[in-house]
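Given next are the chains, with one letter for each unit.
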2 protein chains.
Amino acid sequence: MRQRVIIENVKPQVNAGRYPVKRTVGEPVNIIADIFADGHDAIRAAVQFRKKGAKKWEEQLLSAIGNDTYAGKIQFEEEGHFEYQVTAWIDHLENWYNGFLKKQAVGQHLSVELEEGAIMLEKVAATYSKTVAKPLLAKAKQLRDKKGYQENIQLVLSDDFRQMVAEHPFKQFVTESDRKLNLLVERKKALFSSWYEFFPRSASQERGKHGTFKDAEALIPRVAELGFDILYFPPIHPVGEVNRKGKNNATNAQSGEPGSPWAIGSKHGGHKAVAPELGTMKDYEQLIKTAKSHGIEVALDLAYQCAPDHPYVKKHPEWFVWRPDNTIMYAENPPKKYQDIVPLDFECDAWESLWKELLSVIIFWVKKGVKVFRVDNPHTKSFNFWEWAIAETHKKYPEVIFLSEAFTRPKRMASLAKKGFTQGYTYFTWRVSKGELQEYMTELTQTESRDYFRPNFWPNTPDILPYHLQGANENAFVMRLLMAATLSSNYGVYGAAYEFVDNHGNSNGKEEYQDSEKYEVKYYEWNRRNRITDAMTKINQIRKENTALQSTWNITFTNTNNDNVMSYIKRDENGNTIWCIVNLDPNNVQAAFVEVPKQLLGIEHVNLRCHDLLTGQYFDWRNDWNYVELNPSYYPMHILRIE
Amino acid sequence: MRQRVIIENVKPQVNAGRYPVKRTVGEPVNIIADIFADGHDAIRAAVQFRKKGAKKWEEQLLSAIGNDTYAGKIQFEEEGHFEYQVTAWIDHLENWYNGFLKKQAVGQHLSVELEEGAIMLEKVAATYSKTVAKPLLAKAKQLRDKKGYQENIQLVLSDDFRQMVAEHPFKQFVTESDRKLNLLVERKKALFSSWYEFFPRSASQERGKHGTFKDAEALIPRVAELGFDILYFPPIHPVGEVNRKGKNNATNAQSGEPGSPWAIGSKHGGHKAVAPELGTMKDYEQLIKTAKSHGIEVALDLAYQCAPDHPYVKKHPEWFVWRPDNTIMYAENPPKKYQDIVPLDFECDAWESLWKELLSVIIFWVKKGVKVFRVDNPHTKSFNFWEWAIAETHKKYPEVIFLSEAFTRPKRMASLAKKGFTQGYTYFTWRVSKGELQEYMTELTQTESRDYFRPNFWPNTPDILPYHLQGANENAFVMRLLMAATLSSNYGVYGAAYEFVDNHGNSNGKEEYQDSEKYEVKYYEWNRRNRITDAMTKINQIRKENTALQSTWNITFTNTNNDNVMSYIKRDENGNTIWCIVNLDPNNVQAAFVEVPKQLLGIEHVNLRCHDLLTGQYFDWRNDWNYVELNPSYYPMHILRIE
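Owing to the predicted nature of the structure, the values given are computational and were not obtained by experimental measurement. (Residues numbered from 1 in each chain as written. Chains lettered and ligands numbered in written order. Predicted model: local features only at pLDDT ≥ 70, side-chain atom pairs only at ≥ 80, totals over all residues. Heavy atoms only, no water.)

## Points about the overall build of chain A
What counts is decided by this rule: Strands here are runs of E lasting at least two residues and helices are runs of H or I lasting at least four, both read from the DSSP assignment and numbered beginning at the N terminus. When a residue's accessible area, from a 1.4 Å probe over protein chains only, is under 20% of the maximum for its type it is buried; when over 50% it is exposed; and in between it is partly exposed. When checking whether two residues touch, look at their non-hydrogen atoms; a contact exists if any pair is within 4.5 Å. In short, Shrake-Rupley with a 1.4 Å probe defines the accessible areas, and a residue's cover is counted only from the protein chains shown. This count recognises Lys and Arg as positive and Asp and Glu as negative, with His and chain-terminal groups excluded. Charge placement uses NZ in Lys and CZ in Arg. For Asp and Glu, CG and CD serve respectively.
Each helix and strand counted, chain A has 17 helices and 28 strands in total. Each principal axis of the C-alpha distribution contributes one length, and for chain A these read about 105 × 65 × 45 Å. Evaluated residue by residue, chain A yields a buried proportion of 60% over its 643 residues. Restricting to contacts in chain A with at least 6 residues of sequence separation, those with at least 24 account for 75%. A total accessible area of about 25600 Å² is found for chain A, and carbon and sulfur atoms account for 49% of it. In chain A, 81 side chains carry a positive charge and 82 a negative one; their mean positions are 4 Å apart.

Below is the structure:
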């Protein structure tokens, strides 16, 4: 009760500490808090932090930044769960010292103050170890020397003394912030990753042939050449045979049609098996190894749903909903029914055995070498299940990454991130205009969202060919790719369809592919290279070489005088500065003046050498506003390194 | 773990429930929360609330208002501490019912659905009492009648059935919000009060004579006539004689000077005594009674500081700071010293006995009939002390009101309100321009501040004569008074000095009075009436008759085309609508067009009869924009009741 300091509003925090703030290894956490007390006394504050489970706090002093706000920075070079809190106290040593300086400045007589200082130093000394206490006690003794009044005044005014005060917080009646806040530090790939997706069924270099793991493995050097570091396949499990969907989502497959890989399970097995037409488990494990040798991780699609002939249905009927006529409940969104899928019932009486089995699926694949999961429609499964399953996985395997495919309403999307998903798909896919893009990036990077939701930008997915890419030209594909890869440090692309500029919207009028690869085997000329593969190769190389592009949070939009030309700068603590200027119009050359943000760059006069990393050109800019002209048929973007 | 619904971001809340949300009796609490689940199932949500200590929750369903947000309203007709939480669940009855309607609409056969409905109703029935269950079971039985297929479809489609579903929440796996939130309901005067301050030392009707409680008592009918309901005196305790301040804050009083009443304590006693020159304790108690009979409460000034000759100093030296030369520590803000005051040390080893004594001061006066305290400089005493002392007082006397005189930095001001102060002085005193006033009111009423900080607007205090009133004319005094009384439902005025237009700024250049009443006895012609007393009388009457002016939260600023003319509307749930239009320029007539806010008033076409409650005039407005002209020498404000 003798604490006089109040601490409020400690940030960052997510739901008042209910969920952890997320960072990656080496990424700073900027701590900020409102701290004040009654009266005029000097306050000191510190952030305390420790690994979860550790007893001892580490501590770092905070600085006052005005308006009763204090700030500091912590960062961690190790993965794991950490906690932090803010502490603060009236520092009577500093208080006495400040008062002394003020009184001395107006010429007051300070004998009593010197004696007070001596007493104070003795009290401070008593809170420290003998070694630390020794010089404090020596100074205390000196201050008591009545003959040396002038010398003692000078002693207190000395730099030495100032430093001694600064370095010896005098903690009494320390206030702790209301609650310990949680921090999760994950590996760097959680924030910086480049995903490439293809269907192994379409990996064959021979037209009309069903691809295999071996075919996919043969494409790995190509993926590495393009510069991607995560290779993601749609589900690789046996495809359901009952109520199998045909081409273009036809209700019933014709004989020989491969079905949707997301309808999982058949007599060949379920979520722990591989589809026989793709090869053997050994083949898959070999593919993972080959990928690894190319610096690529293989991501598994975690789709917790079953075809009606999934082995679970017979073995664990208690995990499904059965209707009064003894038929199984299909997935439905009334009045629609999805008869190739039966959903698992997360509320069933046997929920414990169900949850354990689902967790065991993750662990099964982790043991095979999979450390990255792309999770299909997580927003149609219990959110509390995800929180539990991800935490359980991370207990032993903290390096595992979960990408949430939740194209859903904002609050559900956010909640999944809070529950533990490492990354999330985003609305980038549908943000097209300069206004939309800037507003969305601001929401992602400048609000509380930044502390838990790591965006992953995809221009397309097998489910989504957005309207603005339907019928669009190559320029648009290059432009959206370059934007995804420079706006967000996590990005991905549904590869072959994108590279080969599949712009055929579904005749049903939705934002889907016509003749979607979800329901059929495709043939791609995997040896072909074009403007899109060139852009992929270059941008992935640029991302690797420029640390500013390895974070999403460091973006600032800057001014242009043309709504078709968007400009943004990414800048990191090492001074790496990348200025992106993009022509949002895929059909016309656009020119603009762009303003040099002098304050952001910390310069007074403009004298910039800009190196365009796509074209190799150099621009020398000496004016506040500079002219740019972007031909979308060449490169629709400048990616300038400021040198 | 089977809970599938997530509840986040329940509002209102103050510091995640650490402090209570504040309301007065009958004032609604609008509850809002983010609520969502996986999938597409129907969700129901409720707010639960109860008096602290009660076992049983009361409950009210919330409504979905879009974007996964749910809203509802609770209110209390009784003072006290309450708590509330939000609960939500997948409602499988509603879910089945919604699905049934959708399937029926597209003509699906629904035999199995009817049977599912019967089973569902039986399950629902099992969660209710026998009486409630009976009709549910009857309907379940009917749905099973296979011969009556068409009749049963019609049964489900009936209004009866819809109502039955609506009225029978089917609770399973209920999610509760993260924490119980606290609510403090106080008496109506906490939000609606009109304060009048004078120094009893200046209450004598005889020039040059020191006023007494009896003189003050004689002025009570006058205060009642002006329409105020709280009468506040500066401290009434014995004034310190050691280091007493003289006229205009002179370091040493001349013999016979009365000193500052805020330097409390002398050989005549301390905080539980009255100054002998004012009369006896009996006189004071009589004054309280007389005030009460006029509908007025008497407020005591709670100033926890001591003159050097306060009895505490000798009796409880352990509550003060003593210097190494055995002198007592005066109040100081280095290099300044305040030698008429010695501060209590809230950190002292004997803090417990000190805190108890200070609490006993409050209780002493409460027992004398004081239910309102104006607390002097609370931001120079331990905030945790206030939280404890106010809570302790409220345990037995929940009706006690504490007004915080904390003219300090925003976060400290806010914190004192959170710690328990009922009302707080504000920056209104210095908000002069239209932009400043609108911004400040928006901050007070539209942010989280609204849930804990109740503003009390004062145009002046004995400590503060703001620059804009120094040398100002009567018009300015009328204008600031009317604004204080209409912007904020709590307002007050340092009366006689204001009424008699004391506009003499201190020659020290500060925002203080020249010849401040703090240090001397003044003579006022208490019988005089003028434009200010007229405005006081009228505005207090208008406030009593118009409930819209009895709240601070219901304000909306509306458009005018003149920056010197500010317009705002207050509107309450009973439809009482008061439109204030004020000329902010005390020297010139100002004219403007003001816009009728049709959406706010819920009208499509303008046809308003406006009754000016100050002048009695009527205006008929039929246009979207209407002309007003305000002569500050008459009334600088229209206070229009919309009829």
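On we go.
## Comments concerning the relation of the copies chain B and chain A
Applied cut-off: The copies are overlaid by a least-squares fit using only the C-alpha atoms of residues whose pLDDT is at least 70 in both copies.
When chain B is fitted to chain A, the residual RMSD is 0.1 Å, and the transformation amounts to a turn of 180° plus an axial shift of 0.0 Å. Here the transformation between the copies is reduced to the relation of a two-fold axis. In terms of proximity to the rotation axis, the leading residue of chain B is Ala 16 of chain B, whose C-alpha is 3.3 Å off the axis.

## Comments concerning the sheet that holds strand E6 (residues 63-66) of chain A
Residue and element names in this part refer to chain A. The criterion, for reference: Here the rule is simple: two strands pair whenever DSSP picks up at least two bridges between them. In this analysis an axis means a line fitted to C-alpha atoms, helices contributing only their contacting stretch, and an angle means the value between N-to-C directions, from 0 to 180 degrees.
With antiparallel pairing, four strands are arranged side by side in an open sheet as E1-E3-E7-E6. Unpaired on one side and paired on the other, strand E1 (5-11) and E6 mark the two borders of the sheet. Sheet twist, expressed as the average angle between the axes of neighbouring strands with direction ignored, equals 35°. Bridge analysis of strand E3 (residues 29-37) against strand E7 (residues 69-74) gives six bridges, and the strand direction is antiparallel. In the strand pairing of E7, Asn 30 is matched with Lys 73.

## Things to note about the packing of aromatic side chains
Residue and element names in this part refer to chain B. Rules: Geometry of aromatic contacts follows a simple scheme: Phe, Tyr and Trp rings, the Trp one being its six-membered ring, pair when their centres are within 6.5 Å, and the pair is stacked under 30 degrees between planes, edge-to-face over 60, tilted otherwise.
Tallied over the full model, the rule gives 92 aromatic pairs over all chains. Summarising the aromatic geometry, the rings of Trp 195 and Tyr 232 are spaced 6.4 Å apart at their centres and angled 75° between planes, so their arrangement reads as edge-to-face. Of this pair, Trp 195 sits in strand E11 (residues 193-197) while Tyr 232 sits in strand E12 (residues 230-232), placing them 37 residues apart in sequence. Here Tyr 232 falls in the buried class, since its relative accessible area comes to 0%. With a centroid separation of 6.4 Å and 85° between ring planes, the pair formed by Phe 402 and Phe 421 is classed as edge-to-face. Of the two residues, Phe 402 sits in strand E17 (residues 401-405) while Phe 421 sits in the loop between helix H12 (410-419) and strand E18 (423-425), which places them 19 residues apart along the sequence. An identical accessibility class is assigned to Phe 402 and Phe 421; each is buried.

## Side note on the nonpolar core
The criterion, for reference: Throughout, nonpolar core names a set of buried Ala, Val, Leu, Ile, Met, Phe, Trp, Tyr and Cys residues whose side chains join them through atoms within 4.5 Å. Boundary definitions for the domains trace back to an automatic or database domain assignment.
Ile 35, Tyr 196, Phe 373 and Leu 487 of chain A are the most contacted members of the largest nonpolar core, which has 160 residues in total. The residue makeup of this core includes at least three contributed by each of domain 1 (1-91 + 171-186) and domain 3 (430-446 + 464-483 + 527-643) of chain A. Core analysis: the second largest hydrophobic core is formed by 159 residues, Leu 62, Ile 220, Ile 401 and Ile 539 of chain B among them.

## Focus: helix H4 (residues 149-157) of chain A
All names here are of chain A. Here is the rule: Directions drawn from the helix axis to the C-beta atoms are what define this arc.
Taken together, the buried positions of H4 are occupied by Tyr 149, Asn 152, Ile 153, Leu 155 and Val 156. Across the axial projection of H4, the buried residues extend over an arc of 155°, all falling on one side. In this fold, the buried residues of H4 make contact with helix H1 (92-105), helix H2 (111-126), helix H3 (130-143) and helix H5 (159-167).

## Overview of the interface of chain B and chain A
This is how it is decided: Once two parts are joined, some of their accessible surface, as seen by a 1.4 Å probe, is lost; buried area is that loss totalled over both. Whenever Lys or Arg places a side-chain nitrogen within 4 Å of a carboxyl oxygen from Asp or Glu, that contact is recorded as a salt bridge. Any pair of nitrogen or oxygen atoms within 3.5 Å is treated as a polar contact; in protein, a donor-acceptor pairing is required on top of that, and neighbouring residues in sequence qualify only through side-chain atoms on both sides.
In this complex, chain B contributes 62 residues to the contact, which on the side of chain A involves 62 residues. Across the interface of chain B and chain A, roughly 5500 Å² is buried in total on both sides, 51% from carbon and sulfur atoms. Taken together, the connections running from chain B to chain A amount to 17 salt bridges. A salt bridge links Arg 2 of chain A to Asp 349 of chain B; the shortest N-O distance between them is 2.7 Å. Summed over the shared surface of chain B and chain A, the result is 38 residue pairs in polar contact (both at pLDDT 80 or more).

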